[in-house]
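What the coordinates show
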Amino acid sequence: MRARPPYPRIPRLRVALAASCAALLFTAGCSFGEPEPDPAGEPPNLPTPSASANPGGAGQQAVATVLAKGLRVPWGIAFLPDGGALVTERDNGRIVQVGPESGPDGLRLRPVQTIPDVAAAGEGGLLGIAVSPDYARDRTVFVYYTAEQDNRVARLQLGGQPTPILTGIPKANVHNGGGLGFGPDGQLYVSTGDAGQRPLSQDVKSLGGKILRITRDGKPAAGNPYPGSPVWSLGHRNVQGFTWDAAKRMYAVEFGQNTWDEINQITKGGNYGWPDVEGRANDRRFTDPITQWATSDASCSGLASADRLLVTGCLRGKRLWVMELTDTGTLLGQPSELLTNRYGRLRAVAAAPDGSLWVSTSNHDGRGNPAGDDDRLLRVVFAGGDGGRS
C-alpha cells in the first residue's frame, strides 16, 4: 500500500544563487508562507534581508537571514511570549536572551544568567532549555546541564537559583544527550545519551540512552510504560533533538556510530535498538528509523517540525535535511538538503512563533572552522504558497 500524502506533492529543493552573506536566497519544495504575527502580540522586529525571493517558477523560494552574531556554541533555543528567545551557550554556561529588540547588526543579545554548577567538558555543558507553557504566569525555565557528577535537569526563574529536579543522568565527554522540551501533553521530555557505556541504553533502570517523560517537578509522568520510572523510550545512542508534528507524533534525531544516523518516530515504550543495531535492522525487537543517512552526511543535533515537514541541523554534514511526512507519519520521497557548506556546522533548529525556523551554527565547538562573526543564529523563511505555517 502506498502512503498517501496529506498535501499535494511538492518538488525537491533546488538551491539558488546567494545574493549576499547576510541573506541567502534559495528555491525550495516547501512553503511556510508569510509569517503570521506572534499570538502574544506584535511580531518581533527582525532584520530585513538584503535579498528578497522572486515569485513564480517551478519551485518555492526562501531566505536565510543572519539574526545574531558572536555567540559561543549556542546549543538550545526556547522562545518567550514576546517573540524573543533564550539561547544556551554550552561551554560558558550562559543563557542569552536574543531579541525581540534589534539593532543595526541584528537582534539584541543580552546575557541573563550563568548557571554556576555547569562543568563543561567535551560534549557536555549547558545544553537544552525549555520555557514553561505557563511562563507568562510562573516565569519558569528548565535547563539540562552537565554537573560535576552527572547530567541533570533544573528549573529556575531567570536571575534565581536553579533547583535540580532530575539528577543521576550518566555523563561523559561524549554522548550526553541534552534535549529538553514540553510535549503536547504538557509533560517535560528529556533526551539522554549512553555516556559511552553502551549497555546503559538497554537497561531500563538506567537514565542513559533514553527519552524520559517527567512532570515539572521531575517525577515520572503518569502513563509512562514502566511504573515509577521516567523512561519513555530506550535503545538510544545519543539523542539531542526531538519534536512533534501537527498530529502530535514525536520524532527524534539520533547520532549513529560510524555508519548510520537516524530519524525515528518515538512511541511509548519503543526500543530503538542501540547497541545491538545501528540504522535499519528489520528485527521485530526494535523500531526501525523512518530514514537514515551516512554519518559523514549528517551527525545531526537539532530537530523541528513545521506543518508537514521535519527539519534537522547537521554538524558534520554542515547542512539542513528537510523531510516531508505523509498523513501516517512516514517519509514521503527522499530527504532534501539545504544550506550545505554555507554556514559550517549547524546544530539547533527551532520553530519560532512567527512561522520561521531559527537555526544555530556550532563552529566554535572545537570541531569547526569559525568565521569572525561565529557563532550565528539564522532565520529561515520559506516564501510563496499558503502551507507550512507552524
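Quick caveat, the model's predicted, so the values are computed rather than measured. (Residues numbered from 1 in each chain as written. Predicted model: local features only at pLDDT ≥ 70, side-chain atom pairs only at ≥ 80, totals over all residues. Heavy atoms only, no water.)

Some thoughts on the environment of alanine 298
The residue alanine 298 is located in the loop between β18 (291-294) and β19 (300-306) in this model. Note on alanine 298: relative accessible area 0%, which makes it buried. Along the sequence, alanine 298 and glycine 317 sit 19 residues apart, while their C-alpha atoms lie 4.3 Å from each other. Residues within four places of alanine 298 in sequence aside, it is in contact with Asp261, Trp293, Cys314, Leu315, Arg316, Gly317 and Trp321. (Helix = DSSP H or I, 4+ residues; strand = E, 2+ residues; numbered from the N terminus. Buried < 20%, exposed > 50% of the residue type's maximum accessible area, 1.4 Å probe, protein only. Contact = heavy atoms within 4.5 Å.)

As for the packing of aromatic side chains
Under the definition given, this model contains 6 aromatic pairs. Seen in terms of ring centroids, phenylalanine 142 and phenylalanine 182 are 5.4 Å apart; in terms of plane orientation they differ by 75°. Their pairing is edge-to-face. Of this pair, phenylalanine 142 sits in strand β8 (residues 140-146) while phenylalanine 182 sits in strand β11 (residues 180-182), placing them 40 residues apart in sequence. The residues phenylalanine 142 and phenylalanine 182 share a single accessibility class, namely buried. (Phe/Tyr/Trp six-rings, centres within 6.5 Å; stacked < 30°, edge-to-face > 60°.)

Considerations on the sheet that holds strand β4 (residues 85-89)
What the 4 strands build is an open sheet, ordered β3-β4-β5-β6; its pairing is antiparallel. Each end of this open sheet is capped by a strand with a single partner; those strands are β3 (74-79) and β6 (106-114). On average, each strand axis in the sheet is inclined to that of its neighbour by 30°, with strand direction left out of account. In this structure, β3 lies alongside β4, joined through 4 bridges in antiparallel fashion. The residue bridging proline 74 from the neighbouring strand is glutamate 89, located in β4. (Pairing = 2+ DSSP bridges. Axes fitted to C-alpha atoms, helices over the stretch in contact; angles between N-to-C directions.)

Some thoughts on the confidence of the model for the chain
Of the residues in the chain, 82% have a pLDDT of 70 or more, and the chain-wide mean is 86. Between residues 1-25, whose pLDDT stays under 50, and residues either more than four places distant or in other chains, the model counts 75 contacts. For residues 384-390, every residue scores under 50 in pLDDT, and the model assigns this stretch 26 contacts once sequence neighbours within four places are set aside. (pLDDT = per-residue confidence, 0-100.)

Digging into the environment of asparagine 369
Position of asparagine 369 relative to the elements: it lies in the loop between β24 (357-361) and β25 (377-383). The exposure class of asparagine 369 is exposed, given its relative accessible area of 69%. Measuring from C-alpha to C-alpha, the distance between asparagine 369 and glycine 344 comes to 7.5 Å, with 25 residues separating the pair along the chain. For asparagine 369, the residues in contact, after removing those within four places along its chain, are Asn363 and Asp374.

Observations concerning the nonpolar core
Val153, Leu180, Leu188 and Val190 are the most contacted members of the largest nonpolar core, which totals 17 residues. Of all the elements in the fold, those that place two or more residues in this core are β7 (126-131), β8, β10 (163-169), β11, β12 (188-191) and β13 (210-214). The element contributing the most residues to this core is β10, with 3 residues. Leaving out residues up to four positions away in the same chain, leucine 180 has contacts with Gly128, Ile129, Ala130, Phe142, Val143, Tyr144, Val153, Leu188, Tyr189, Val190 and Phe242. (Core = buried A, V, L, I, M, F, W, Y, C linked by side-chain atoms within 4.5 Å.)

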